[in-house]
Amino acid sequence: MTNVFEIGPIRPPSEANSLLLRVTENCPWNKCKFCMLYKEASFHTRTVEEVKADIDAMAYYRDRILKHKDGDDFRRDALLAEYHSLATEEERYCYQMVFHWMTEGQSHSIFLQDANTMVLRADRLAEIISYIRVKLPEIKRVTSYGRADTLSRITKEDYQRLRKAGLDRIHSGFESGSDKVLTLIGKGTTQQQQIDGGRKVREAGIELSIYFMPGAGGKEFSEDNALETAKVICAVNPDFVRLRTFVVKNGSFMWDMKEKGEFVECSDIEKLKEIRLMISNIKNCTGTLASDHIINLLERVNGNLGKDIPALLEYIDEFLNLPPLVQKQYQLARRMGFAGDWKDMNRLHPSDLSRIKQVSESITDAQEWEIMLNRYMDRYI
Ligand code: SF4
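The following refers to the structure shown.

The rules behind these values
Residues numbered from 1 in each chain as written. Predicted model: local features only at pLDDT ≥ 70, side-chain atom pairs only at ≥ 80, totals over all residues. Heavy atoms only, no water. Helix = DSSP H or I, 4+ residues; strand = E, 2+ residues; numbered from the N terminus. Buried < 20%, exposed > 50% of the residue type's maximum accessible area, 1.4 Å probe, protein only. Lys, Arg positive; Asp, Glu negative; His and termini not counted. Salt bridge = Lys/Arg side-chain N within 4 Å of Asp/Glu carboxyl O. Contact = heavy atoms within 4.5 Å. Phe/Tyr/Trp six-rings, centres within 6.5 Å; stacked < 30°, edge-to-face > 60°. Expected span 1.5 Å × (residues − 1). Near = heavy atom within 4 Å. Nonpolar A, V, L, I, M, F, W, Y, C, P; charged D, E, K, R; others polar. Pairing = 2+ DSSP bridges. Axes fitted to C-alpha atoms, helices over the stretch in contact; angles between N-to-C directions.

Quick word on the side chain of K328
Looking at the element boundaries, K328 is found in helix α13 (residues 324-335). Here K328 occupies a buried position and makes no salt bridge, while the nearest side chain of opposite charge, E370, is found at 8.7 Å. With sequence-adjacent residues up to four places away left out, K328 is seen in contact with S360, I363, T364 and W369.

Here is the structure:
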């Protein structure tokens, strides 16, 4: 038995403490114009046997680590000695991940990588999930990415089979509910597929966590992006709506479009207004809205999509009603990585604050300002 398991490149932020199980490799679509993640890599599925061997390796490290448990804690010296005794860098990395999962993640969840594991035949995926449940019984949540097109094609029976095997949550980058925007960004999915797929996931009792990109339609489709996205949210009533403010990544296909004038990006503030418009059009939903990424201007736009909408709108309006210079100061701080909102600016070091104020005052050209903000934001995508 090999004692290493494969680890793919990404996972949702909410899976930061999960085990990462690579079931498929790369992205079967790979044509979104804003995404560069898997551009040089071709998609393939791993065999059930390969994936089971990875699960065995995870269980193997779990058992080794558990031997060093002492009450609620671990004997750190013994752990470190064992870690350094491992023969390869890969083994040490796997050991570290399992330890992180057991401590920070409390052995809670596992995420099935890569970009769209739901594309796998349901019987194979169910076999893998069942195996996880047997070998790692402490896991309480099994989650996967799934693209809307794939989600709409899976039958209700297959969803039931996957749910029964133990699939708990699907993350899906819907990006926009607008067909115009979906075409523009090359997502290869439609609003109808999002609604059909999303409803089937929910009806099977699987949680649905969807991602939207305010600003993805540029200035031209900003309103459409907000209104059509709200329409999808209302139709599906997902468990989680997660915001990922859109920024054109340097080097992406959309960067070329922007350079040629075929895509005119919204300003940072216009993207926030788009979020406001979207939220104000959500009705009869019960899920959670999460602004859980540094790329979003306001990190506290979090709440229940049923009862918290008035408070969320009030919070956004409070920021939008600030004097433009105060907005700029916060924007710059945030884009430089400040975690907090404009009311917490006094937490900044006085010299940083003074520099932020000086730069905010000195850059008066709107275009230059946005270019500078985007340069910071490019680091986060
Ligand atoms: S489906 Fe996801 S991973 Fe694949 S190209 Fe689009 S954004 Fe990238």
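Still to come is the rest of the account.
Remarks on the packing of aromatic side chains
Evaluated as defined, the whole model comprises 13 aromatic pairs. Each ring, one from F74 and one from F99, has its centre 5.4 Å from the other, and the planes form 75 degrees; the classification is edge-to-face. Of this pair, F74 sits in strand β5 (residues 73-74) while F99 sits in helix α3 (residues 89-103); the two residues are 25 residues apart in sequence, bridging distant segments of the chain. Given a relative accessible area of 10%, F74 falls into the buried group. Judged by its relative accessible area of 18%, F99 falls in the buried class.

Section: helix α1 (residues 48-66)
Since one α-helical turn is 3.6 residues long, residues separated by three or four positions face the same way. For α1, which comprises 19 residues, the first-to-last C-alpha distance of 27 Å matches the rise-based estimate of 27 Å (1.5 Å per residue) to within 8%. Considered for burial, the residues of α1 that qualify are V48, V51, K52, D54, I55, A57, M58, A59, Y61, R62 and I65.

A word on the site of the ligand
Taken together, the residues surrounding the ligand are C27, N30, K31, C32, F34, C35, Y38, A115, R147 and K187. Here the shell around the ligand is composed, by residue class, of six nonpolar, one polar and three charged.

Brief notes about the sheet that holds strand β1 (residues 19-22)
Taking strand neighbours across the sheet as the criterion, the eight strands line up as β1-β6-β7-β8-β9-β10-β11-β12 in an open arrangement whose pairing is mixed. Looking along the sheet, the strands with just one partner apiece sit at the ends: β1 and β12 (303-304). Where β1 meets strand β6 (residues 109-113), four bridges bridge the pair, whose relative direction is parallel. In the strand pairing of β6, L20 is matched with F111. Packed onto the sheet, helix α4 (residues 122-135) meets β1, β6 and β7 (141-145) and runs at close to 155 degrees relative to β6.

Topic: the pairing of strand β9 (residues 207-212)
Among the six residues of β9, five are classified as buried, and the element is accordingly described as predominantly covered. By the bridge criterion, five bridges tie strand β8 (residues 169-175) to β9 in an arrangement that is parallel. Looking at β9, one finds that I170 is bridged to L208. In the sheet, β9 pairs with strand β10 (residues 240-243) via four bridges, with the strands oriented parallel. Following the sheet pairing, I210 is matched in β10 by V241.

Let's talk about the environment of R347
Positionally, R347 belongs in the loop between α13 and α14 (350-362). Residue class for R347 comes out exposed when judged on its relative accessible area of 53%. Among residues more than four places away in sequence, those in contact with R347 are R300, F338 and A339.

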